[in-house]
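What follows is the residue order along each chain.
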Amino acid sequence: MSLVRMDYVLKKAQKGGYAVGAFNFPDLSSIQGIMQGAAAKNSPVIISPPVFTMDEMGEEMCIRCIETLTHEYPEIDVVCHLDHCSDFERIKRCIDYGFTSVMVDGSALPYDQNVELTCKVVDYASRFGVSVEAELGHIGGVEEDIVVDERKALFTQPKQALEFVKATGIDALAIAVGTAHGFYKQKPKLDFERIAEIRAITDCCLVLHGGSGVPDEDFKKAISLGITKINVGTELKITGNFDVQKALFAEATHGDVRKIQHQVRIKTQEIVEHKIDVFGSAGKMAQ
Ligand code: 13P
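Residues numbered from 1 in each chain as written. Predicted model: local features only at pLDDT ≥ 70, side-chain atom pairs only at ≥ 80, totals over all residues. Heavy atoms only, no water.

Per an unreviewed UniProt entry, the chain goes by the name Class II fructose-bisphosphate aldolase and belongs to Bullifex porci.

## Points about the site of the ligand
Of all residues adjacent to the ligand, which total 14 residues, the nearest are D83, G210, S212, G233 and T234. Here D83 contributes a side-chain N or O atom positioned 2.7 Å from an oxygen atom of the ligand. Within the side chain of T234, a nitrogen or oxygen atom sits 2.5 Å from an oxygen atom of the ligand. Elements supplying a minimum of two residues to the shell around the ligand: β3 (78–85), β9 (180–181) and β11 (227–232). (Near = heavy atom within 4 Å. Polar contact = N/O pair within 3.5 Å; in protein donor to acceptor, adjacent residues only side chain to side chain. Helix = DSSP H or I, 4+ residues; strand = E, 2+ residues; numbered from the N terminus.)

## Thoughts on the UniProt feature "binding site: Zn(2+) 2" (unreviewed entry) in the chain
Following the UniProt record, the feature "binding site: Zn(2+) 2" (unreviewed entry) maps to D105 and E135 here. Spanning 31 residues, the annotated positions come together in the fold, the maximum distance between their C-alpha atoms being 5.6 Å. As for its placement among the helices and strands, D105 is situated in the loop between β4 (101–104) and α6 (111–126). By the element assignment, E135 lies in strand β5 (residues 131–136). Setting aside its immediate chain neighbours within four residues, E135 contacts H84, M103, V104, D105, S107, N114, F164, L173 and A174. (UniProt positions renumbered as here; feature names shortened; annotations may be inferred. Contact = heavy atoms within 4.5 Å.)

What follows is the structure in structure tokens.
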């Protein structure tokens, strides 16, 4: 059985000075491509269904697909992690279905209410040995159907981050340090000092969201300063899936979409393998 808690893979990453990729997916072909990429690189992987995908596939279907695929790759540590969710009932359902990690996103709430919602999730999740990620500050950009004005995005305050981690007992903290969800209109400007400052005052695993389009050298610097989980979504949804389908659809003969799905898996695998190399998690299952 290779479905594991998220804090298990992230604590190892923190010690080893690398990061583990958390990949969003739009459909089953993409999950297969992500798993193939992790297996080819002998890397732990976090497979992270966004709420929007679960609206289409269903929560139980998501976890069962991921769980079933882990049987094909028993050597790889796989985390099934619910991405951004502010709905306690849905988080609870995901835990009940067997997700090994969840993200409660109370970042749009006033601080005290964010703490309250996060504590409620930690309390429930801890009864089932499930890890919890929460967010403090606002990560800008387009996040499924939640639009956050990039200009109003608030960066995470280091002292408040420490207070938040202590008050909630979370395993991982998503920090707002200049990345945004969706493809960037211009090169992102990461606040590296802030990452170092937050790392210096808490040993909670730190998460960088908005990984699509961040230059490789920025990832490496962020990891060297203490980031241990990096989320990538849009690049897999668009470049790995939609663009491939669009390009091949006209050529599909006799309605045989399986050839397109095959190419989606290959392209997704290629993107995931590249990220794993950059994040430094390649070969870590062997250690
Ligand atoms: P991108 O879609 O920008 O890669 O961000 C993904 C993400 O952070 C999901 O939580």
